[in-house]
Each structure stands twice: as structure tokens, then as C-alpha cells.
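The residues making up each chain are set out below.
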Amino acid sequence: NQDLVIAIDGPSASGKGTVAQLVAERLGFAYLDSGALYRLTALAALQQGVAWTDEVAVAQVATELDVAFVGERILLASADVALAIRAEEIGSGASQVAALPMVRAALLQRQREFLTAQGLVADGRDMGSVVFPSAKLKVFLSASAQVRAERRYKQLIGRGEEADLALITADLQSRDDRDRQRAVAPLAQSADAFLLETSNMNVETAVAQILDWWQLKR
Ligand code: C5P
């Protein structure tokens, strides 16, 4: 029963994560960062010397992922990798392994297990289309490529990392192209999703809009 599921999909750096987490907090719902599972799969494969293109082997890695989400910490085989999986290289690896059907299949049930009786806000690319097709509320969060690149740039600078706006723009572009063009579960707005265009919207306004839609739905 997906009556207590809010599915939030959208391209990279659209602000999904921040918005989804706040909505979950306000409603007292659990939160699923599905992108983290693809990032964890890419990181675990790298650690095990498995090539991101080896579908069978990467799917095996995904099936065996030993992961725990504990507050802000993300434990992979007991080591906190919350920061490590945010590296741009791992984001790129995540979008490569995410294009492999066997990997997506291996992670499907694991994602559904995040649904609890209290409700769930799930963010990703195929939350409303594949993982929670009967979600009560589906939102497609978008923002212009330029705004998204600037957001990612500020995020990296804020973490004290080096960042190059032109490189980030190119990287987001290639990741989005891959996410939109892949054969399985491509990134796309489903017909029953509400579009939230956030280029000129702050986080608080986006959260308030989703909470309004949720009130209307229930
Ligand atoms: O959302 P995030 O940028 O952390 O996701 C990393 C990558 O994982 C995305 O670029 C996308 O290729 C993949 N992904 C996916 N399906 C999801 C979530 C993420 O294919 N539901």
C-alpha cells in the first residue's frame, strides 16, 4: 500500500534531496535517498575492483551491499562513507551502474523496504514510475541546467572542495543525458506527477508547495 508515499523525482542537483528530507521531517515520514544506493553500489564495486561496466558482477555487488543509514551517517560494511559517495567521480559511476538493468533489479526490493507504516518520502529518478508506481503524491522537481550547476558549485565550495563551474556543467549534462536516454527506468516526468520548477524558488517555498499538494491529496 503506497498511500503514504511521496515520490520526488528529478535531474541531478535539482535540490530533490534537501527538499525531500525537509518534507519527510515535517510529516514525520521516513526518507529514502535512492541515489545513495546507486552511489554505494558504484563505490563498493570500485573498492572490490569490479568494473562499472560488468553488469553481472556489479549486480552481485548491489545484492550483497552491506549498508546501514544511521542518522547522517551512511555505513558501508561499517565504515562511514557519507562524504565519500558524494564525490563527483562516484556520482558519475552511479549513473553508469544505474543504466544496467540487473543492477536496478537488484536494488528494487531494498528500496521498497524503506516504506514503513509512518510513511515515506522517496527521492530519485524512478520513484514514481517504477519503485512506487502507486505513490499517493508524485512530484517532478526541475530547475534549469545553469541553476543546477550553480547549486552544485556552491555545494562543493561550501564543503571546502575545489570546483570548476564549466566542468560541473558538462558533468551534470552528461549524467542527465545518460539518465534520460537509458532503456530502463529513464528519468522522465510521469503523467501523474506535479511539476515543480524551482529555478527561481527557494527551498522553503518548494517544501511548502509539496506540503500543500499533500494536504490536497489526503
Ligand atoms: O540522486 P543522485 O545524484 O545521488 O544519484 C546518482 C545517480 O544514480 C544518478 O545520476 C542516476 O543515474 C542514478 N539514480 C537512478 N535512479 C534513482 C536514483 C539515482 O538511476 N532512483
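The structure presented is a predicted model; accordingly, all values stated were derived computationally and were not measured.

**Considering the nonpolar core**
The biggest cluster of nonpolar side chains holds 26 residues, and the ones touching the most others in it are Val5, Ile6, Ala7, Ile8, Val121, Ala122 and Val139. Apart from residues no more than four positions distant in its own chain, alanine 122 is found in contact with Val5, Ala7, Ile8, Leu32, Ser34, Phe114, Met127, Val131 and Phe132. In terms of nonpolar packing, the next biggest core, distinct from the first, is built from 25 residues, Ala36, Ala42, Ala59 and Ile85 among them.

**Quick word on the UniProt feature "binding site: ATP" (unreviewed entry) in the chain**
Mapped onto the present numbering, the UniProt feature "binding site: ATP" (unreviewed entry) falls at Gly10, Pro11, Ser12, Ala13, Ser14, Gly15, Lys16, Gly17 and Thr18. Assignment of secondary structure puts lysine 16 in helix 1 (residues 16-27). Within the secondary structure, threonine 18 sits in helix 1. Classification of threonine 18 as partly exposed rests on a count of 15 C-beta atoms within 10 Å.

**Quick look at helix 4 (residues 88-97)**
Turning to helix 4, its buried residues number three or more, namely Gly91, Gly93, Ala94, Ser95, Gln96 and Val97. Close packing links the buried residues of helix 4 with helix 2 (34-47), helix 3 (55-64), helix 5 (101-112) and helix 8 (165-181).

Thresholds applied
Residues numbered from 1 in each chain as written. Predicted model: local features only at pLDDT ≥ 70, side-chain atom pairs only at ≥ 80, totals over all residues. Core = buried A, V, L, I, M, F, W, Y, C linked by C-beta atoms within 7 Å. Buried ≥ 20, exposed ≤ 12 C-beta atoms within 10 Å, placed from the backbone. Contact = placed C-beta atoms within 7 Å. UniProt positions renumbered as here; feature names shortened; annotations may be inferred. Helix = DSSP H or I, 4+ residues; strand = E, 2+ residues; numbered from the N terminus.

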